[in-house]
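# Structural description and commentary
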Amino acid sequence: MDGYKLSIGSAAKLLRGREISSKELTQSVLDRIAAVDGKIGAYLTLCRDEALAQAEEADRRLARPDAPPLCGIPLAIKDVLCTKGVRTTCGSKILENFIPPYDAHVISLLKDQGAVLVGKTNMDEFAMGSSTENSAYFPTRNPWDTARIPGGSSGGSAAAVAADMCLAALGSDTGGSVRQPASHCGVVGIKPTYGRVSRFGLVAYASSLDQVGVMAKDVSDCALLLQAIAGHDRRDSTSANVPVPAYSAAGPATLRGLRIGVVEDYVKTEGIDPDVSRAFDSTVAALTAQGAEVVSVRLPHARHAVSAYYIIAPAEASSNLARYDGVKYGYRAPDSGDLLDMYFDTRSRGFGDEVKRRILIGTYALSSGYYDAYYRKASQVRTLLCRDFTEAFSLCDLVVSPVAPTPAFHLGEKTEDPLTMYLSDIFTLSVNLAGLPGISVPCGFSSQGLPIGFQIIGDYFAEEKILGLARSLEAILGIAGMRPEL
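What counts as what
Residues numbered from 1 in each chain as written. Predicted model: local features only at pLDDT ≥ 70, side-chain atom pairs only at ≥ 80, totals over all residues. Heavy atoms only, no water. Helix = DSSP H or I, 4+ residues; strand = E, 2+ residues; numbered from the N terminus. Rg over C-alpha atoms; globule rule 2.2 N^0.38 Å. Buried < 20%, exposed > 50% of the residue type's maximum accessible area, 1.4 Å probe, protein only. Contact = heavy atoms within 4.5 Å. Areas by Shrake-Rupley, 256 points an atom, 1.4 Å probe, with all protein chains shown as cover. Phe/Tyr/Trp six-rings, centres within 6.5 Å; stacked < 30°, edge-to-face > 60°. Pairing = 2+ DSSP bridges. Axes fitted to C-alpha atoms, helices over the stretch in contact; angles between N-to-C directions. Parallel < 35°, antiparallel > 145°, perpendicular 65-115°, else oblique. Nonpolar A, V, L, I, M, F, W, Y, C, P; charged D, E, K, R; others polar.

## Structural notes on the overall build of the protein
Summing up its helical and strand segments, the protein has 16 helices and 11 strands in all. At 21 Å, the protein has a C-alpha radius of gyration in line with the 23 Å of a compact globule built from 486 residues. Overall size of the protein, expressed as C-alpha extent along the three principal axes, is 65 × 55 × 45 Å. Every one of the 486 residues in the protein was classed for burial, and the buried ones make up 61%. A separation threshold of at least 6 residues defines the contact pool for the protein, and within that pool the share at least 24 residues apart is 76%. Of the roughly 17900 Å² of accessible surface on the protein, 51% is carried by carbon and sulfur atoms.

Written out as structure tokens, the structure is:
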């Protein structure tokens, strides 16, 4: 049996029926990684021995009737989440040999469930990028076309799911870094409400924007994995003490009478690829044909989202990345003359160009004389954007939009033009600035056979509602589970 092709739901039934063991399932995934990851580059660290040991323990638990839903399921983890005893690099040379002494909260929850962690996936360095080309080690390639990017910064996780090198994966989303690669790789990716999932052990890029997210082969798997990691954590001061609904038990949404908000400001955006526009329009038409009501909504300040984000995020990164100085842990430049030289050499050699660019931007925006002109102004725009969404949700139940303005582009196509690269997240950044939940669901393919995603945005803690519409859409379109040939 090609166990690596299974969804979580299908695998869980077979595991509980003792038709397959977790060790057999995990070995199937490891064999798949050995066969195809040389073409893709999804993994930075493979935990073969640890995974097989976890699978053996899962098989013992599966013999009991009270085994948790994810027991024995092989998962991949973005290399921005701390894993006790397993290298965590954040895609950076400065943390090349860092081995955390503790697990991130979400990792502890998965281990408690008996999940099998097969490895750590590649990413843009410190989650700064939209293509996974900013990894300090190697780029990840899109399984649908290995000459193209998988999206970023969680490109390794998205590619691993799309290429059947795990059954599902965790990523992180600061400005679209789960939804955008999910769209480019043809999988489902959800970014929950800020505070829904603990950030304890998530290496910080921009603390007011970062959120752990989930990527899976279908919506049901996304719901199951999100339910496993959601909930309050006292170690995270931003964690919301809000009850977690039974996401995995919820069914498709009732479309008749459901008000779907289409954002005028997004539809009119210049530079949207015609294939993306066609896929989005046909998906909206499919929903209306089932009884949904389309409502036109405005997000008048969304046009400033990219500018606000690229002040707020680098400013927070400037502060968060100050800890990497060669003193406490991580890389230290050898043969430096004195302390200041050691600081300078360590950070110059340890960080990549994009990280250094964002640190410089953030430090400038926070500097004396510029804070009010830049950071404070960007924060005010953020508040206005939150109000825009509040007004939009007074008119509709859910907001929909494209995920990215184009399908996956070629490797190297935008690396020399950072501003063009930043616009890859034009439809996703607003969701992070407002702290809202959003999901990307495959909705079609470009004329070149590349996946295109459809974004569903909900009000605060409305994950259950967006998962319901995503389930309905998945059933209507009938393209869930389609995978590239490798």
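## Things to note about the packing of aromatic side chains
Evaluation of the coordinates by the stated rule reveals 16 aromatic pairs. Ring centres of Phe126 and Phe351 lie 6.0 Å apart, and the angle between their planes is 70°; on these two criteria the pair is classed as edge-to-face. Of this pair, Phe126 sits in the loop between strand S3 (116-121) and helix H5 (155-162) while Phe351 sits in the loop between helix H11 (339-350) and helix H12 (353-366), and the two are 225 residues apart along the sequence. The exposure class assigned to Phe351 is buried, which follows from its relative accessible area of 4%. With a centroid separation of 4.0 Å and 15° between ring planes, the pair formed by Tyr310 and Tyr422 is classed as stacked. Of the two residues, Tyr310 is situated in helix H10 (residues 305-320) and Tyr422 in helix H14 (residues 418-422); the sequence distance between them amounts to 112 residues.

## With respect to the sheet that holds strand S8 (residues 293-297)
The strand order across the open sheet formed by 11 strands is S1-S3-S2-S4-S6-S5-S10-S11-S9-S7-S8, and the pairing between neighbours is mixed. Either end of the sheet is taken by a strand with one partner, and the two such strands are strand S1 (43-46) and S8. Across the sheet, the axes of successive neighbouring strands diverge by a mean angle of 30°, strand direction being ignored. Its contacts with the sheet put helix H2 (residues 22-40) on S1, strand S2 (74-78) and S3, and the angle it makes with S3 is roughly 20°. In the packing of helix H16 (residues 463-477) onto the sheet, the strands contacted are strand S5 (188-191), strand S7 (259-263), strand S9 (398-402), strand S10 (438-445) and strand S11 (451-457), and the crossing angle to S10 comes to about 10°.

## Section: the environment of Val36
Mapped onto the fold, Val36 is located in helix H2. Excluding its chain neighbours within four sequence positions, the residues that come into contact with Val36 are Ala163, Met165 and Leu486.

## As for the packing of helix H9 (residues 274-289) against H16
Axis separation between H9 and H16 bottoms out at 11 Å; the angle between their running directions is 100°. It follows from the interaxial angle that H9 and H16 lie roughly perpendicular. Counted together, Thr283, Ala286 and Leu287 of H9 and Leu469, Leu473, Ile476 and Leu477 of H16 form the full contact between these two elements. A per-class count over the contact of H9 with H16 returns six nonpolar, one polar and no charged.

## Some thoughts on unusual backbone geometry
Between Gly152 and Ser153 the backbone carries a cis peptide bond, its omega angle lying at 5°. Relative to the helices and strands, Ser153 resides in the loop between S3 and H5. In this structure, Cys90 takes a positive phi of about 55° despite not being glycine. Along the chain, the position of Cys90 falls in the loop between S2 and helix H4 (105-113). A relative accessible area of 0% means that Cys90 is categorised as buried. Of note in this structure, Asp335 is not a glycine but carries a positive phi near 60°. The residue Asp335 is located in the loop between H10 and H11 in this model.

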